[in-house]
Structures are given as C-alpha cells and as structure tokens.
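Here is how the chains run, residue by residue.
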Amino acid sequence: MGINLHCNEENLWQTPTWVTYCVYSNGDGGWEGIKYRYIQWVKSHLDGVWQNSSDLAEMRVRVADHINNLSLHKKLNFSIG
C-alpha cells in the first residue's frame, strides 16, 4: 500500500511513496517547504521527450493551473497517509 501526500485545501496529484517521503521530509521548511518540493515534482512532469507537441502543451496548462490553484491559499495543511 502506498503512502500519499495530502492537503486539506487542495486536491493533490497522487504521489508515489518515495516522492511523498521526499516532499514531506518530516515537515522540513514547514508547509512552504513541502509546497516548494511538491511543486518541483509537479513541474518534473514536463521533463523528457514528448512524441506529440499538443500533449506537452496540454500538460503545461495542467501543471500551471495546478500550481496556480495551490498559490491561491494563504496556508496549506499537508499530511501523509
């Protein structure tokens, strides 16, 4: 059974267990540190070779929208489970 990162204020993308542990990192840097590491992981979805430029464009929009939604909150409450 995997361990996922959760947020009370926003639905997060499902994180692999190893990403959850790296991002949460015992709360290092508080919620802002967790948010920063999670956003870096989200941005990593744009890495690599894309066979179709429209798929990449769609993912760029999806990533930007998700990051913008996270940024709407003054504080985020993260947990793992």
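Description of the structure in this document. (Residues numbered from 1 in each chain as written. Predicted model: local features only at pLDDT ≥ 70, side-chain atom pairs only at ≥ 80, totals over all residues. Heavy atoms only, no water.)

Description of the side chain of Thr20
Here Thr20 shows up in helix α1 (residues 17-24). A polar side-chain atom of Thr20 sits 2.6 Å from a polar atom in the side chain of Thr15. Dropping the residues within four chain positions of it, Thr20 is found in contact with Ile3, Asn4, Leu5, Thr15, Ser25 and Ile80. (Helix = DSSP H or I, 4+ residues; strand = E, 2+ residues; numbered from the N terminus. Polar contact = N/O pair within 3.5 Å; in protein donor to acceptor, adjacent residues only side chain to side chain. Contact = heavy atoms within 4.5 Å.)

Quick word on helix α3 (residues 53-71)
Its 19 residues place the ends of α3 27 Å apart at the C-alpha level, agreeing with the 27 Å of an ideal helix rising 1.5 Å per residue. Within α3, burial applies to Leu56, Met59, Val63, His66, Ile67 and Leu70. Seen end-on, α3 carries its buried residues on one side only, within an arc spanning 95°. Opposite the packed face of α3, turned more than 90 degrees from it, sit the exposed residues Ser53 and Glu58. Looking at the buried side of α3, the elements it contacts are α2 (30-43). (Expected span 1.5 Å × (residues − 1). Buried < 20%, exposed > 50% of the residue type's maximum accessible area, 1.4 Å probe, protein only. Arc of directions from axis to C-beta.)

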